[in-house]
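# Breakdown of the fold
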Amino acid sequence: MAATAALRSGDTRAQTAAAFPPPPVTARPVDRAAWIAAYRHVRSETERRAAPLSAEDQQVQSMADASPTKWHRAHVTWFFEQFLLREHLPGYAIYDERLHYLFNSYYVAAGPRQPRIQRGMITRPTMAEVSAYRAHVDRAVESLLGQAAESALEAVLPILEIGLYHEQQHQELLLTDILHAFAQNPLGPVYESAWRFPAASGQGGQAQLPRGIAWIGHEGDGFSFDNESPRHEALILPGRIDKALVTNREWLGFMEAGGYAKPELWLSDGWYAGQAEGWEAPGYWRRDGESWATMTLGGIRPVELDAPVTHISYYEADAYARWAGRTLPTEFEWEVAARDGALPDAFGLVWQWTRSAYAAYPGYRPLPGALGEYNGKFMVSQFVLRGSSVATPEGHARLPYRNFFYPHQRWQFTGLRLADAA
């Protein structure tokens, strides 16, 4: 099965009339066919992304932060079985109770789990057995959606919806994790030979950020993760935010000015992280004679100078901003500018680091039960990224979406744009 055309071109920004996202959970009467179509659409996208990979590719785990493709395929299936089927489908028979230990991720309330660093050691079940597990759960979910009373669907659909968005998150991780694994291979394996990074809009200049009180966070009836609420007021100080993302060409200027060797530009933890890991360029860059090449999903290629820089940590983004005499925007400044349509490349290229610590919004309450572990317990020691990336599945990106990573991490498609105070 070939990768999707959007994936081959690298352009996930264009929205199509795909079956996802599904209709709002609050829609009445419930459109069961639409929900089943949305479920099939998301599940098949996971398989399309995995299809170019061999059994050996799907087994590898290249670092603690990454997971094998086979594990991703099984984990998102476990999610539906654990949180949806066993609670809401009367008479449902668990496919294999042993798999719950192997494919639970971090849900302590759901029981013990395989240590994260040891996911690559799970050679059994095989790929074929994971496919059978997926098919078993798919049949049960579709049966539940087709047969449940409408009153029962009031509890079922919110869990189904978060499960679909959860699987889309793992679809992005599937690509970034295999890219990291391929980058460790001297042969420079190719995931998709036709893959290209989409072109940026080319718009320059800055958008004004007038002083004022802005509403921040999710509103309306559509889907949101719990960390996007409650909607609240935030003070926006006067300033400006760049319309363009920082490019590889601009990043080379930072490198040629000795940016990686000047401790005065770096946060202390960032300096020691860079020294320990030997950072001298963004992740996956390598010398190619007098020039630089980089590992991509299309294999090793020359660095495209006018493409947005990516695979950089928060520490690197912060150091670059200091070098440029500027700053990173807050997540609130980013949201206000993007809502006003002032950021033409807000979505579909790279996640953009903000200088906002990942913390709870005022009045935040996690979801009840085990699903309350989804976001809330990670609200410490991380930074917020906004937008979406070239690897983000179609239909997944939303304005108030809050991505978050630790400041040293850079295996994701992470980049930056700059801002100025007034």
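Attention in this report is confined to the structure presented alongside it. Computed from a predicted structure; not experimentally measured.

Calculation criteria
Residues numbered from 1 in each chain as written. Predicted model: local features only at pLDDT ≥ 70, side-chain atom pairs only at ≥ 80, totals over all residues. Heavy atoms only, no water. Helix = DSSP H or I, 4+ residues; strand = E, 2+ residues; numbered from the N terminus. Buried < 20%, exposed > 50% of the residue type's maximum accessible area, 1.4 Å probe, protein only. Polar contact = N/O pair within 3.5 Å; in protein donor to acceptor, adjacent residues only side chain to side chain. Contact = heavy atoms within 4.5 Å. Pairing = 2+ DSSP bridges. Axes fitted to C-alpha atoms, helices over the stretch in contact; angles between N-to-C directions. Parallel < 35°, antiparallel > 145°, perpendicular 65-115°, else oblique. Left-handed = near helix turned anticlockwise from the far one by under 90°. Nonpolar A, V, L, I, M, F, W, Y, C, P; charged D, E, K, R; others polar.

### Some remarks on the side chain of His218
- Secondary-structure assignment places His218 in the loop between β2 (212–216) and β3 (232–236).
- Given a relative accessible area of 15%, His218 falls into the buried group.
- Looking at His218, its side chain comes within polar contact range of the main-chain oxygen of Gly222, at 3.2 Å.
- Setting aside its immediate chain neighbours within four residues, His218 contacts Phe223, Ser224, Glu228, Ser229, Arg231 and Pro400.

### Comments concerning the pairing of strand β7 (residues 299–302)
- With four bridges connecting them, strand β6 (residues 291–296) and β7 associate as antiparallel partners. Looking at the pairing, Ala293 lines up with Pro302 of β7.
- The loop that links β6 with its antiparallel partner β7 comprises two residues.

### So, the sheet that holds strand β9 (residues 383–386)
- Ordered in space as β10-β9-β8-β11, the four strands form an open sheet in which the pairing is mixed. Lying at the two open borders of the sheet, with one neighbouring strand each, are β10 (403–405) and β11 (414–415).
- Pairing of strand β8 (residues 351–357) with β9 involves three bridges; the strand directions are antiparallel. By the bridge assignment, Ala357 is partnered in β9 with Phe383.

### Some remarks on unusual backbone geometry
- Following Arg124, the chain continues to Pro125 via a peptide bond in cis, the omega torsion being 10°.
- Relative to the helices and strands, Pro125 is located in the loop between α5 (99–103) and α6 (127–147).
- The residue His311 is not glycine, and still its phi comes out positive at about 60°.
- Mapped onto the fold, His311 is located in the loop between β7 and α10 (314–323).
- One non-glycine residue, Ser381, lies in the positive phi region at around 65°.
- Mapped onto the fold, Ser381 is located in the loop between β8 and β9.

### Focus: the environment of Leu164
- With respect to the helices and strands, the residue Leu164 is situated in helix α7 (residues 150–183).
- Note on Leu164: relative accessible area 0%, which makes it buried.

### Comments concerning the packing of helix α2 (residues 32–50) against α7
- It is the contact of α2 with α7, at a shortest axis distance of 10 Å, that shows an interaxial angle of 20°. Judged on the interaxial angle alone, α7 and α2 are roughly parallel. The chirality of how α2 crosses α7 is left-handed. Across the interface between the two elements, Arg32, Trp35, Ala38, Tyr39, Val42, Arg43, Glu45, Thr46, Arg49 and Ala50 of α2 pack against Glu150, Leu153, Leu157, Leu160, Glu161, Leu164, Glu167, Gln168, Gln171, Glu172, Leu174 and Leu175 of α7.
- Across the contact of α2 with α7, the residue classes tally to eleven nonpolar, three polar and eight charged.

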